[in-house]
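Structure assessment
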Amino acid sequence: MTDTTPIADRPAALPAQSPPVEPAVTAAAGTEPGHGGGAPRRLSWWRGEGGEGTRRNLGLTGVLVALVLIGVATRPDLYGDSAWVWGNVLTILKLASVVGVVTVGMTFVIIGGGIDLSVGAIVALAGVWCTTLATQGYGAGGMIFTALAVGLCVGLVNGLLVAYGRLVPFIATLAMMVAARGLAAQISGKQTQVSANTTINGIASTDLFGIPLLVYLLVAVVAVGWVLLNRTTFGRRTVAVGGNPEATRLAGIDVRRHTVLLYALSGLCCGIAAIMLTAQATSAQAEMASLYELDAIAAAIIGGTLLSGGRGTIVGSLLGVVIFSTITNLFAINGLSTEAQNMVKGGIIVAAVLVQQFQFGSLTRFLGRNRPTTNPSPRRSS
């Protein structure tokens, strides 16, 4: 049948609806030079914002290689022994294990727009509390539970003070740092508490397939942290809260509750680190884990985490921790003084950040300018 309705009286045809577009893809898409004004730009593992994390991690890897080369140049007698080199690598990883676990929690807090200056004190408090005679009477399970519970509870207190008490994170965690150290000293009587539990002490001395158990624990925590940040709603909300908390609140996300969870996660990581550090020293005291907060913050920042929040990577933070451990090891085998170590370490930190910020960005722009462009053949209209 033919439609006899006059053309003027017919309703206007509705335009065809386009398929929904993922917001992240829309934000990352652009126009590819030489491929037409409306052609979407391919996401690259190296070029553009999508490759920023890769470039930064490559820069950190380059710093590690440079440190190894410095070690080879300064101590060729040691690096000429393959058995010593493998043992030294394991030593560096064991040195990085405890701080690395703390740094994972710190990375989440900083990405969420906060800061935690109490992580070292939380490690000390959890370590002292789990090594009291009363706690050790419950065996290894009781010690582990106590350390995790103490770390989690202190982290919750930090989160409540920041989120619901509306205290500045710097002030809230600074107060907790002082209070936790004082409580640890009160519990221990300013004495070193020896761990008599062979299971706990064996965590630091046990090797699996030639690799220390402490390294496996670090890898496990890093893997869980990576999945949590990159593959879960919790991770996406963490980035959103740190990037724009007001917009996140308007989107229906409880920013205050999420902030509490972030500090609780940091405290839980401190509880794990307390068990690891207690196993290494076979004891605990109120002054343990001194300046861990500064090491964790610096490692996270070097790894690409913004102090203002909204961006960061777990892998980058891990590389930052390994760089610190490698620097400490390099200074130790060369017999440098502590003062020289601190000065050189500060210089290397600045150099590492500058290399990531400028050198690789300039290299990317150079490659972009000199990349050959080819005009695709026009499509034939059907």
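Up top you'll find the structure we're talking about.
Worth saying up front: this structure is predicted, and the values here are computed from it rather than measured.

**Structural notes on the side chain of Gln136**
- Along the chain, the position of Gln136 falls in helix α6 (residues 133-136).
- We classify Gln136 as buried; its relative accessible area is 14%.
- One polar contact links the side chain of Gln136 to the main-chain amide nitrogen of Ala196, over a distance of 3.0 Å.
- Apart from residues no more than four positions distant in its own chain, Gln136 is found in contact with Cys130, Thr131, Met143, Val194, Ser195, Ala196 and Asn197.

**Structural notes on the environment of Ala264**
- Its location among the elements puts Ala264 in helix α13 (residues 255-281).
- The spacing of Ala264 and Gly151 is 113 residues in sequence and 7.8 Å in space, taken between C-alpha atoms.
- With residues near it in sequence (within four places) discarded, Ala264 still touches Leu152, Gly155 and Leu156.

**Concerning the pattern of salt bridges**
- Applying the stated criterion to the full structure yields two salt bridges.
- A salt bridge links Asp77 to Arg75; the shortest N-O distance between them is 3.0 Å.
- Across the salt bridge formed by Glu246 and Arg249, the nearest N and O atoms sit 2.5 Å from each other. With Glu246 and Arg249 both in helix α12 (residues 245-250), this residue pair falls three residues apart, about one helical turn.
- Owing to a relative accessible area of 42%, Glu246 belongs among the partly exposed residues under this scheme.
- The exposure class assigned to Arg249 is partly exposed, which follows from its relative accessible area of 45%.

**Concerning a nonpolar patch on the surface**
- On the surface, Val168, Phe170, Ile171 and Leu174 cluster together into a nonpolar patch covering about 350 Å² of accessible area.
- With respect to the helices and strands, the residue Leu174 is situated in helix α8 (residues 169-188).

**Looking at the environment of Pro245**
- Within the secondary structure layout, Pro245 lies in helix α12.
- Relative accessible area serves as the criterion here: at 40%, Pro245 is assigned to the partly exposed category.
- Remark: the alpha-carbon pair of Pro245 and Val255, spanning ten residues in sequence, is separated by 6.8 Å.
- Each residue touching Pro245, except ones within four places of it in the same chain, is listed here: Ala240 and Val255.

**A few points about unusual backbone geometry**
- Phi is positive for Ala289, close to 60 degrees, though the residue is something other than glycine.
- Note that Ala289 resides in the loop between β4 (283-284) and α14 (292-302).
- Judged by relative accessible area, Ala289 falls into the buried class, the value being 6%.
- In the Ramachandran plot, Leu291 falls in the positive-phi region, its phi being about 65 degrees despite a non-glycine side chain.
- Within the secondary structure layout, Leu291 lies in the loop between β4 and α14.
- On the basis of relative accessibility, which here comes to 47%, the residue Leu291 falls in the partly exposed class.

Rules used in this analysis
- Per chain, the residues get numbers from 1 upward, laid out in the order the sequence is written.
- Local features in this predicted model are restricted to residues of pLDDT 70 or higher, and side-chain atom pairs are both shown and tallied only at a pLDDT of 80 or more, whereas totals for entire chains, interfaces and linings draw on every residue.
- Side-chain numbers here rest on the full set of heavy atoms in the structure, without hydrogens or water.
- The numbering of helices and of strands both runs from the N terminus, where a helix is a DSSP run of H or I of at least 4 residues and a strand a run of E of at least 2.
- Between buried and exposed lies partly exposed: a residue is buried under 20% and exposed over 50% of the maximum accessible area for its type, with that area taken using a 1.4 Å probe on protein chains only.
- Think of a polar contact as two N or O atoms within 3.5 Å of one another; within protein, one of them needs to be a possible hydrogen donor and the other a possible acceptor, and neighboring residues in sequence only count if both atoms come from side chains.
- Contacts between residues were defined by any pair of non-hydrogen atoms, one from each residue, lying within 4.5 Å.
- Salt bridge, as used here, is a side-chain nitrogen of Lys or Arg placed within 4 Å of a carboxyl oxygen of Asp or Glu.
- Like charges are joined within 9 Å and nonpolar side chains (Val, Leu, Ile, Met, Phe, Trp, Tyr) within 5 Å, but only among residues with over 30% relative accessible area and no salt bridge; these make up the patches.
- Each accessible area is a Shrake-Rupley estimate made with a 1.4 Å probe; only the visible protein chains count as cover when residues are assessed.

Function cannot be read off these values alone, since they describe shape.
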